[in-house]
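# Summary of the model geometry
Given next are the chains, with one letter for each unit.
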Amino acid sequence: MLLKTKESLIRRMYLVDVAKGLAITIKNFFFAPKITIQYPEERRKYSDRFRGQHYIKATNGVENCTACMLCPTVCPAECIHIVAGERPDKEKYPVQFEIDILRCCFCGMCEEACPKDAIKLSTIYEMSTESRDVYDRSFLMEQRGNK
Amino acid sequence: MPKCVIDGREVEFSPGENLIEVAKKVGVEIPYFCYHPGLSVVAQCRMCAVEVEKMPKLQTACSTVATDGMVVKTRSERALANQKSVMEFLLINHPLDCPICDQAGECDLQDYSYEYGSPYSRYTEERRTFLDLDMGPVIVKNMNRCIHCTRCIRLGAEVLGIREMVATQRGNKTEIATIDGRPLETDYAGNYADICPVGSLLLKDFRFKKRVWFLKKTATVCEGCARGCNMDIQHDANVIYRCTPRENLEVNQYWLCDEGRFNFHYVHDADRIMEPAVRADGELKMTEFGASLDAARAALKGKKAAVLLGTDLTQEEAKLLQEFLPKYLPNASVFHFGTPGIVSEADDAPADKILKRKSKTSNLHGFEKLGFKGLKTLPTGLDAALVIRGGRATLPELKGLSTVGIGVFTREEAATFSVVLPGLTFAEKDGTIVNFQGREQHIRRAIFPAGNCKALSEILAMWAHGTGGNA
């Protein structure tokens, strides 16, 4: 059963409450700090631990990766494909290193598993493309967003 | 039976068994590197030392024969301290290159290091390094990883009957090498890689192909010769990467020859015919089963034909053909073939002192058991032939005959064939084969058939029903 209360006329017109609400709106509209940024011109600063686009770290121009396959082993999305090979200056290196970036879930476990500090996730987050290409070795070897 | 007590558990054993084997019976693991059940005991890695009551010092479990009433402690304080020290000594010179090493994942040193070793190294001096010479086409050596268990030296001397591996220098500088750096000569070189507990001796064929923890094992039997060695096919994602021997003391002990070990390569041969093909304008052209079966029937109809069955087919397939041939090719003469010069069971003899047999196909003895006759020379006056084989039997000369092939053929082998219906290899089918001892052994399917290859039973059923299946 509804409880009926007798309110005054002024109270029933809600004028005071409307004014109060409008005050909050005006306060936030003109005086509160702005959350939205003008994206392409303005950019937000992300944490150094942000997990974005991958790259393979190189030391003196030679990739750190030895194709030990720990990253494809640990990868929950199964998006890393490596073919190992041998060359004169390095016993084992990745001949092919592909990341199917559309499958990647950016969990960062590959980076954690890597014993050679080779696969890294940079803070780059602008990765939209018009095709479904995978990241190949030469793309990953560019020290993009090196940290 | 005599009894002894291991870690508080009472075990019965047969006289002469050493403590490692006895402990295995109750699930107590004693770590070891140099011991191998197929080789002599040298007790030089010292890893298996355990405490035995009433003996003042630790005893190496591999060289201590269990006696009645013996009380053994494998995890006592002294035994654990010894294991930790041995691990530390072995790891002094062992490089930390597990990410590169193919043995990682099935490495005794790696496993024991987690279980019994210390997580930190106190060693600060330089590690010893060696320059490795080439060891021939099968084995690749990395002496830096060696822990001097000498299993390889003993394998060569005791099992393979060839003393090609030797230890030169002494102590810390000990190097395992071939005499004068010669390449390995034995036909069983792959076993060196199997028994090496670390990554010192590895297969060249498998080098960097796959990490071992991805591989799935299918227990099957080698089809390389009439012995039928037990082996595992190791595969992943429908690709075979390697074959390893499986212990069977009555057939192959712990070993496998290189011929059998690398035989699987023809399964993934790029030259293998994997679609039904019919010869037109002098060339084999890919078609469908319907068209090629029609061509096959036409090629044999009303001709004087011989049916040649490879002795690499299974018993089930042979029996099926025994039912099929009298009904659908009643006038054909049927022979089995396999190895040139090996016509019947009596010709099959040991080809060396270890495992190999002269018959280079797996099921010669099974075919003889079913009553098939061997092919000496083709009868005269033939004008057609039907060849059914699994991929290993050596094809006889078939020039001038209109030939239909069912089974596994490469383009080169099928150069004179008019029709090819692709069949399955030993890795793609189940079945039974009979080895030279009359032992029936089971081969198991490891991977799915490649391309449009079909089982012999399917092809024969389509033949009998006059259809082309789904195609």
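Report follows, based on the coordinates. A quick note: this is a predicted structure, and the numbers were derived from the prediction, not measured.

The next point concerns the overall build of chain A. In terms of helices and strands, chain A carries 5 helices and 6 strands. Tracing chain A from N to C terminus, the helices and strands come up as α-α-β-β-β-α-β-β-α-β-α. For chain A, whose C-alpha radius of gyration is 27 Å, the value lies well above the compact-globule estimate of 15 Å for 147 residues. For the C-alpha atoms alone, the extent of chain A along its principal axes is close to 95 × 45 × 30 Å. Out of the 147 residues belonging to chain A, those deemed buried represent 27%. Residue pairs at least 24 apart in sequence account for 70% of intrachain contacts in chain A once pairs closer than 6 positions are excluded. Approximately 10,800 Å² of chain A is accessible, and the part contributed by carbon and sulfur atoms is 57%. Charge-centre separation for chain A: the mean point of 23 positive side chains lies 13 Å from the mean point of 20 negative side chains.

Turning our attention to the interface of chain A and chain B. Each partner contributes residues to the interface: chain A has 14 residues there, and chain B has 9 residues. At the surface where chain A touches chain B, the tally comes to 3 salt bridges. For Glu-86 of chain A, the salt bridge is made with Arg-207 of chain B, and the minimal N-O distance between the two is 2.9 Å. On inspection of chain A and its partner chain B, the count reaches 3 residue pairs in polar contact (both at pLDDT 80 or more). At the level of secondary structure, the elements contributing two or more residues to the side of chain A that touches chain B comprise helix 3 (70-74), strand 4 (80-87) and strand 5 (90-99) of chain A.

Applying the stated criterion to the full structure yields 16 aromatic pairs over all chains. Where Tyr-32 of chain B meets Tyr-35 of chain B, the ring centres are 5.2 Å apart and the plane angle is 85°; that geometry is what we call edge-to-face. Relative to Phe-214 of chain B, the ring of Trp-213 of chain B has its centre 6.1 Å away and its plane inclined at 40°; by these criteria the two rings are tilted. Residue class for Phe-214 of chain B comes out partly exposed when judged on its relative accessible area of 24%. Taken together, the ring pairs connect Phe-29, Phe-30 and Phe-31 of chain A into an aromatic cluster.

This paragraph deals with the sheet that holds strand 10 (residues 216-221) of chain B. All names here are of chain B. Read across the sheet, 3 strands follow the order 10-11-12 without closing on themselves; strand pairing throughout is antiparallel. This sheet does not close on itself; its edge strands, each paired only once, are strand 10 and strand 12 (239-245). In this sheet, adjacent strand axes meet at a mean angle of 30° when their direction is disregarded. Where strand 10 and strand 11 (residues 230-236) come together, 6 bridges link them in antiparallel fashion. In the strand pairing of strand 11, Lys-217 is matched with Gln-234.

Definitions and limits used
- Residues numbered from 1 in each chain as written.
- Chains lettered and ligands numbered in written order.
- Predicted model: local features only at pLDDT ≥ 70, side-chain atom pairs only at ≥ 80, totals over all residues.
- Heavy atoms only, no water.
- Helix = DSSP H or I, 4+ residues; strand = E, 2+ residues; numbered from the N terminus.
- Rg over C-alpha atoms; globule rule 2.2 N^0.38 Å.
- Buried < 20%, exposed > 50% of the residue type's maximum accessible area, 1.4 Å probe, protein only.
- Contact = heavy atoms within 4.5 Å.
- Areas by Shrake-Rupley, 256 points an atom, 1.4 Å probe, with all protein chains shown as cover.
- Lys, Arg positive; Asp, Glu negative; His and termini not counted.
- Charge placed at Lys NZ, Arg CZ, Asp CG, Glu CD.
- Salt bridge = Lys/Arg side-chain N within 4 Å of Asp/Glu carboxyl O.
- Polar contact = N/O pair within 3.5 Å; in protein donor to acceptor, adjacent residues only side chain to side chain.
- Phe/Tyr/Trp six-rings, centres within 6.5 Å; stacked < 30°, edge-to-face > 60°.
- Pairing = 2+ DSSP bridges.
- Axes fitted to C-alpha atoms, helices over the stretch in contact; angles between N-to-C directions.

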